[in-house]
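So you can see what is in the structure, the chains are spelled out below.
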Amino acid sequence: MKKTVTLLADGRQLIYFDLDEDAARDAADPRPLDPVASASELRHDPLLGEDVAIASHRQGRIYHPPADSCPLCPSTGERHSEIPAPAYEVAVFENRFPSLSGAHGRCEVVCFTSEHAASFADLTEERAALVLAAWTDRTAELSARPGVRQVYCFENRGAEIGVTLAHPHGQIYAFPYTAPRTATMLRNAVAHRAATGRNLFDEVLERERAGERVVLAGEHWTAFVPYAARWPYEVHLYPHRRTGDLTGLDAAARAEFPGIYLELLRRFDRIFGAGEPPTPYIAAWHQAPTAGAGREEFALHLELFTVRRASGKLKYLAGTESGMGAFMNDVSPESAADRLREVASS
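Keep in mind it's a predicted model, so treat the numbers as computed, not measured.

Quick word on the side chain of R106
Inspection of the secondary structure puts R106 in strand β6 (residues 106-111). Of note is the side chain of R106, whose polar atom sits 2.8 Å from the side chain of E108.

A few points about the pairing of strand β10 (residues 221-224)
By the alternation rule, side chains of β10 split into W221 and A223 and T222 and F224, which are all buried. Both strand β9 (residues 214-217) and β10 contribute to a ladder of three bridges, which runs antiparallel. Its bridge partner lying in β10, L216 is registered against A223. Between β9 and β10, which pair antiparallel one after the other, the connecting turn spans three residues. Relative to strand β11 (residues 233-239), β10 runs antiparallel, the two being bridged by four bridges.

A few points about the packing of aromatic side chains
In total, this model carries 19 aromatic pairs according to the counting rule given. Ring pairing ties together the aromatic residues F112, F120, W135, W221, F257, Y261 and W285, which thus form one cluster. Lying across the ring of Y16, R25 places its NZ or CZ 4.8 Å from the centre. One residue, R230, lies across the ring of F327, its end atom 5.7 Å from the ring centre.

Notes on the state of the cysteines
A full pass over the atoms with the stated rule returns zero disulfides. Left unpaired, C73 is separated from the closest cysteine sulfur, that of C70, by 3.8 Å. Of all cysteine sulfurs in the structure, the one in C153 sits closest to C107, which takes part in no disulfide; the separation is 12 Å. Assessed through its relative accessible area of 3%, C107 is described here as buried.

Here's the deal with the environment of V90
Here V90 is to be found in strand β5 (residues 90-94). V90 sits in the buried class, given a relative accessible area of 0%. Not counting the four nearest positions on each side in its chain, V90 is found in contact with I15, Y16, F17, V110, C111, F112, L130, V131 and A134.

Let's talk about the pattern of salt bridges
As enumerated under the stated definition, the model contains 29 salt bridges in all. Across the salt bridge formed by E303 and R181, the nearest N and O atoms sit 3.3 Å from each other. Of the two residues, E303 sits in strand β13 (residues 301-306) while R181 sits in helix α2 (residues 180-196), which places them 122 residues apart along the sequence. Taking the relative accessible area as the measure of exposure, R181 reaches 44% and is therefore partly exposed. In this structure, the salt-bridge partner of R295 is D245, at a minimum N-O distance of 2.8 Å. Placement of the pair is R295 in the loop between β12 (281-286) and β13 and D245 in the loop between β11 and α4 (251-268), with a sequence separation of 50 residues. One connected set of salt bridges, linked through shared partners, spans K3, E94, R106, E108, D137, R138 and E141.

Quick notes on the packing of α2 against helix α3 (residues 200-209)
The contact between α2 and α3 brings their axes to 8 Å, and the two run at 90°. Between α2 and α3, the interaxial angle falls into the category roughly perpendicular. Counting all contacts with α2, which are made through M185, N188, A189, H192 and T196, the residues of α3 involved are L200, F201 and E203. Across the contact of α2 with α3, the residue classes break down as four nonpolar, three polar and one charged.

Considerations on the environment of A37
As for its position among the elements, A37 is in the loop between β2 (13-18) and β3 (41-45). Residue A37 is classed as exposed on the basis of its relative accessible area, which comes to 76%. As a C-alpha pair, A37 and R96 span 59 residues in sequence and 9.1 Å in three-dimensional space.

Comments concerning the nonpolar core
Ranked by size, the top nonpolar core spans 52 residues in total, and within it F120, W135, Y261 and W285 carry the most contacts. Element by element, the count of residues in this core is highest for α4, at eight residues. Among the nonpolar cores identified, the runner-up in size contains 14 residues, and L14, I83, A91 and C111 belong to it.

Criteria and cut-off values
Residues numbered from 1 in each chain as written. Predicted model: local features only at pLDDT ≥ 70, side-chain atom pairs only at ≥ 80, totals over all residues. Heavy atoms only, no water. Helix = DSSP H or I, 4+ residues; strand = E, 2+ residues; numbered from the N terminus. Polar contact = N/O pair within 3.5 Å; in protein donor to acceptor, adjacent residues only side chain to side chain. Buried < 20%, exposed > 50% of the residue type's maximum accessible area, 1.4 Å probe, protein only. Pairing = 2+ DSSP bridges. Phe/Tyr/Trp six-rings, centres within 6.5 Å; stacked < 30°, edge-to-face > 60°. Lys NZ or Arg CZ within 6 Å of the ring centre and 35° of its normal. Disulfide = S-S within 2.5 Å. Contact = heavy atoms within 4.5 Å. Salt bridge = Lys/Arg side-chain N within 4 Å of Asp/Glu carboxyl O. Axes fitted to C-alpha atoms, helices over the stretch in contact; angles between N-to-C directions. Parallel < 35°, antiparallel > 145°, perpendicular 65-115°, else oblique. Nonpolar A, V, L, I, M, F, W, Y, C, P; charged D, E, K, R; others polar. Core = buried A, V, L, I, M, F, W, Y, C linked by side-chain atoms within 4.5 Å.

The structure is reproduced here in structure tokens:
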């Protein structure tokens, strides 16, 4: 893998990741851009003990542009995008409209391919491995930045999820705090260790691997629908050897991941049958905080879920869920696992 670091016209960082060690990445950004002026603000909610980012500058971000004006496609002689090159494999750049900025963290965009009409599931295993390498590189670099407490790599796919750019891409957030869900999981894991002497994540994985909700399994990874799934179709993907973040994956787990993950994404697109539009989803890497007591109890894992509950029907968050955080699932986890096994690749 070759990593090439350069700058866009307004000073934001752009990073190319290529399989070819001889790839030349010297195209300059010719756009007359002013320096980015964004200042997010963190406000603390004392009742919940959580932070909220106020980022009003994001109101002006690009919203559903036509395909011939996509800012994530390669640049051409007539049109200049966020990526000056005429083609690329994986590109990462600082978000022009970040939710977190300056002392309050950093937001990056990860473009999985230069093909506008493709999806992550269309990648080859070699190219999916390159994305994994990019996620790992960014996790390592951003975790080392002063003030960063957690690195979150994720993909939102589909307008139903709220995606405003159709090009296949994801994002990386470097949080200046530990995200609420991570803090809750870590707190429970630390308490479980104190009460039982065992790791909570290890016990969950052991129990699920022996049960009826396994969707697919390899030598180094297992994907399962969790016992208390919140979403209609929700799958958690765990490496068998516990590690806190992507940088701790061993060579065997890295080699097996692309095949497992691509098969999982392709099954998601077949859940609702032939002729259905691509399944909208969120794919979220849960990683340990960069430091702090109990960090060693956390286990890296990916959570993949869709808001589509049936053909032509979406799950909208009800008042109990949006207002109280009390989830109710219309699809049993066992039937969801059955369906995801039924649509396995032949």
